[in-house]
Amino acid sequence: NLLDAQFAKAAEMKPLFEEFIAFVKAKFPNTTVLPKKTYVSILENREFAAVNIKPKELRIGLDLGDRPFDDRIEKAKLTGPMPRISHMFVLTGAKQLDDSIVEAMKESHSRCH
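These remarks concern the structure in this document. The written sequence of each chain sets the order in which its residues are numbered from 1. Residue-level local features of this predicted model are given only where pLDDT is at least 70; pairs of side-chain atoms are given and counted only at 80 or more, and the full residue set underlies all totals for whole chains, interfaces and linings. Only hydrogens and water are set aside when side-chain values are computed; all heavy atoms of the structure are taken into account.

**Examining helix H2 (residues 14–27)**
Numbering goes from the N terminus for both helices and strands, where a helix is a DSSP run of H or I of at least four residues and a strand is a run of E of at least two. The span you would expect from a helix comes to 1.5 Å times its residue count less one. If you check H2, its first and last C-alpha atoms are 20 Å apart, about what 14 residues at 1.5 Å a residue would give, namely 20 Å. Exposure classes here rest on a 1.4 Å probe applied to the protein chains alone. A residue is buried below 20% of its type maximum, exposed above 50%, and partly exposed in between. By the burial criterion, the buried members of H2 are Leu16, Phe17, Phe20, Ile21, Phe23 and Val24. Buried residues of H2, viewed axially, fall in a sector of 160°; they line one side. As used here, the arc is the angular range of directions from the helix axis to the C-beta atoms.

Shown next as structure tokens:
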């Protein structure tokens, strides 16, 4: 199982990953979660987000084009996804999933569709 393999060295991140996926599915009901070898693809026909599972954090990559980086959304440092995943935010707790993250995800989603 590709997803289980990603949690092999980051088992403590599984509950946060599950919360993040529930959050995404609530905002984007037609989303598919597709585990790959080195990351998890979040797509609705096309990939609009990607997740790298690390031992102490989840790196959530987004396609935000030339949007400026800020204190929450930084240059993507993910392993695996396509080059158009340009930005990322680091998720260490569910309380970080606020309106600004929803807006960034909507922007990524609309860029891909």
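On we go from here.
**Some points on helix H3 (residues 99–112)**
If you check H3, its first and last C-alpha atoms are 20 Å apart, about what 14 residues at 1.5 Å a residue would give, namely 20 Å. When we look at burial in H3, the residues that qualify are Ile101, Val102, Ala104, Met105, Ser108, His109 and Cys112. Angularly, the buried residues of H3 cover 165° about the axis, an arc narrow enough to put them on a single face. Against H2, strand S2 (40–44), strand S3 (46–53), strand S4 (58–62) and strand S6 (87–91) lie the buried residues of H3. Whether two residues touch is decided by their heavy atoms; if any such pair falls within 4.5 Å, the residues are in contact.

**Some points on the nonpolar core**
One finds Phe17, Phe20, Val51, Ile53, Leu58, Phe89 and Met105 to be the most contacted residues of the largest nonpolar core, which totals 30 residues. Residue assignment for this core shows that the elements contributing at least two residues are H2, S2, S3, S4, S6 and H3. When residues of this core are assigned to their parent elements, the largest contribution, 6 residues, is made by H2. Residues grouped as a nonpolar core are buried Ala, Val, Leu, Ile, Met, Phe, Trp, Tyr and Cys residues, joined through side-chain atoms within 4.5 Å.

**Things to note about the sheet that holds strand S1 (residues 32–35)**
At least two bridges found by DSSP between two strands is the condition for calling them paired. Overall, antiparallel pairing links the 6 strands, which are arranged S1-S2-S3-S4-S6-S5 in an open sheet. Each edge of the sheet is formed by a strand with only one pairing partner; in this case those strands are S1 and strand S5 (74–75). For S4 and S6, the ladder comprises 5 bridges, and the chain directions are antiparallel. Paired with glycine 61 across the strands is methionine 88, a residue of S6. Axis lines are fitted to C-alpha atoms, over the contacting stretch for helices. Their N-to-C directions set the angle, which ranges from 0 to 180 degrees. Contacts between H3 and the sheet are confined to S2, S3, S4 and S6, with S3 contributing the most and set at about 135° to the helix.

**Structural notes on the layout of surface pockets**
A pocket here means an open set of points on a 1 Å grid, computed over the protein atoms alone, that has protein on both sides within 12 Å along at least five of seven lines. A cavity is instead a set of points where a 1.4 Å probe fits but cannot get out; residues with an atom within 4 Å of a point line either one. Grid points are joined across faces, edges and corners, and a volume is the space filled by probe spheres set on the points. Counted as a void, the largest pocket has a volume near 210 Å³. Ala5, Gln6, Ala8, Lys9, Ala10, Lys37, Thr38, Asn52, Ile53, Lys54, Pro55 and Thr79 are the residues that line the largest pocket. Sorting the residues of the lining of the largest pocket by element identifies helix H1 (2–6) and S3 as the ones contributing at least two each. Polarity classes work like this: nonpolar for Ala, Val, Leu, Ile, Met, Phe, Trp, Tyr, Cys and Pro, charged for Asp, Glu, Lys and Arg, and polar for all others, with Gly in that last group. Considered class by class, the residues forming the lining of the largest pocket number 5 nonpolar, 4 polar and 3 charged.

**A short note on the pattern of salt bridges**
When a carboxyl oxygen of Asp or Glu is within 4 Å of a side-chain nitrogen of Lys or Arg, the pair counts as a salt bridge. Scanning the entire structure with this criterion turns up 8 salt bridges. Here arginine 111 makes a salt bridge to aspartate 63, at a shortest N to O gap of 3.0 Å. Residue arginine 111 is located in helix H3, and its partner aspartate 63 is located in the loop between S4 and S5; the two are separated by 48 residues in the primary sequence. The salt bridge involving lysine 77 is made with glutamate 74; its shortest N-O contact spans 3.0 Å. What emerges from the salt-bridge pattern is a single network uniting Arg67, Asp70 and Glu107.

**Side note on the packing of H2 against H3**
Packed helix pairs are specified by the crossing angle of their axes together with the interaxial distance, meaning the distance between the axes. Close contact between H2 and H3 brings their axes to 11 Å; oriented N to C, the two are set at 65°. Handedness of the crossing formed by H2 with H3: right-handed. Residue-level contacts link Phe20, Phe23, Val24 and Lys27 of H2 to Ile101, Val102 and Met105 of H3. Taken together, the residues that form the contact of H2 with H3 break down as 6 nonpolar, no polar and 1 charged. For a crossing to be left-handed, the near helix must be turned anticlockwise from the far one by less than a right angle; the clockwise case is right-handed.

Function-wise, these values are silent; they only describe arrangement.
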